[in-house]
Amino acid sequence: MSRRKSAQKRDIAPDPKFHEKDVSKFVNRMMLDGKKSLAEKRFYQAMEIIKNKVKEDPIKVFKEAIENVKPKVEVKTKRVGGANYQVPLEVTPGRQQTLAYRWIINFARKRNERTIEEKMANELIDAYNNEGASIKKREEVWRMAEANKAFAHFRM
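Residues numbered from 1 in each chain as written. Predicted model: local features only at pLDDT ≥ 70, side-chain atom pairs only at ≥ 80, totals over all residues. Heavy atoms only, no water.

Core analysis: the biggest nonpolar cluster contains 32 residues, and Phe 26, Phe 43, Phe 62, Met 120 and Leu 124 have the highest contact counts within it. Listed by contribution, the elements that provide at least two residues to this core are α1 (21-30), α2 (36-54), α3 (58-69), α4 (93-110), α5 (116-128) and α6 (133-147). Per element, the largest residue contribution to this core is seven residues, and it comes from α4. Once residues within four sequence positions are removed from consideration, Phe 62 is found in contact with Asp 22, Val 23, Phe 26, Phe 43, Met 47, Tyr 101 and Leu 124. (Core = buried A, V, L, I, M, F, W, Y, C linked by side-chain atoms within 4.5 Å. Buried < 20%, exposed > 50% of the residue type's maximum accessible area, 1.4 Å probe, protein only. Helix = DSSP H or I, 4+ residues; strand = E, 2+ residues; numbered from the N terminus. Contact = heavy atoms within 4.5 Å.)

Listed below in structure tokens is the structure:
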């Protein structure tokens with residue numbers, strides 16, 4: 001970590017279809033090997049699947065799913081006097097969003113549906129309904145922080 005200035009946040013352009021910066025960030029995280037147009041196409045197809053299944057605005061479903069997956073606390077390892085402690089810390093808003101995107105994308109890729117569009121759509125619908133693997137991960141992180149509450153006085 002740099003001891004000088006912190007890195008400047010770059011302003012990201014909104015996506016062409018929904019004009020949302022969150023969608024653009026999500027598509028950038030989905031992208032593999034620099035193939036952004038392919039990632040965008042797959043995301044938009046997933047949004048169509050959501051629109052047909054849930055019968056609601058897919059962007060509303062997407063935003064609510066992200067909101068449901070965002071973790072409030074997490075644990076970080078801190079070494080004190082030769083012992084390692086799992087110290088619970090509150091998660092900053094930027095990291096909350098990053099973790100939510102990462103978890104949804106990773107768990108969508110591990111699903112058993114046929115195409116990535118179906119996998120992504122179903123993972124987002126599950127997150128929207130507060131179920132699925134990404135919600136389970138958030139709960140697991142929260143339980144870990146809750147179990148290590150005794151070490152909160154070691155905060156960094």
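This paragraph deals with the packing of aromatic side chains. Inspection of every chain in the model, using the stated rule, returns six aromatic pairs. Here Phe 18 and Tyr 44 contribute two aromatic rings whose centre-to-centre distance is 5.7 Å and whose plane-to-plane angle is 65°, an arrangement assigned as edge-to-face. With Phe 18 in the segment before α1 and Tyr 44 in helix α2, this pair connects stretches of sequence that are 26 residues apart. Look at Phe 43 and Tyr 44: their rings are 6.0 Å apart centre to centre, the planes differ by 65°, and that puts the pair in the edge-to-face class. (Phe/Tyr/Trp six-rings, centres within 6.5 Å; stacked < 30°, edge-to-face > 60°.)

As judged from the eight bridges shared by strand β1 (residues 73-80) and strand β2 (residues 83-90), these two strands associate in the antiparallel manner. Bridge pairing links Val 80 to Ala 83 in β2. The turn joining β1 and β2, which pair antiparallel and follow one another in sequence, is formed by two residues; a positive phi near 55° is taken by Gly 81. (Pairing = 2+ DSSP bridges.)

Following the sequence through the fold, Glu 74 ends up in strand β1. Among the polar contacts made by the side chain of Glu 74, one reaches the side chain of Arg 95 at a distance of 2.9 Å. Not counting chain neighbours up to four residues away, the residues in contact with Glu 74 comprise Val 87, Pro 88, Leu 89, Val 91, Arg 95, Leu 99, Val 141 and Ala 145. (Polar contact = N/O pair within 3.5 Å; in protein donor to acceptor, adjacent residues only side chain to side chain.)

Running from amino to carboxyl end, α2 crosses α5 at an angle of 55°, the nearest separation of the two axes being 8 Å. Of the possible angle classes, the one that applies to α2 and α5 is oblique. Considering how the two elements wind past one another, α2 and α5 form a crossing that is right-handed. Residues Arg 42, Gln 45, Ala 46, Met 47, Ile 49, Ile 50, Lys 53 and Val 54 of α2 lie in contact with α5, whose contacting residues are Ile 116, Glu 117, Glu 118, Met 120, Ala 121, Asn 122, Leu 124, Ile 125 and Tyr 128. When the residues that make up the contact of α2 with α5 are grouped by side-chain class, the tally is 11 nonpolar, two polar and four charged. (Axes fitted to C-alpha atoms, helices over the stretch in contact; angles between N-to-C directions. Parallel < 35°, antiparallel > 145°, perpendicular 65-115°, else oblique. Left-handed = near helix turned anticlockwise from the far one by under 90°. Nonpolar A, V, L, I, M, F, W, Y, C, P; charged D, E, K, R; others polar.)

We now examine the environment of Gly 132. Along the chain, Gly 132 falls in the loop between α5 and α6. Residue class for Gly 132 comes out partly exposed when judged on its relative accessible area of 27%. Gly 132 sits 10 residues away from Asn 122 along the chain, and the two C-alpha atoms are 9.0 Å apart.

Purely geometric stuff here, so don't read any function into it on its own.
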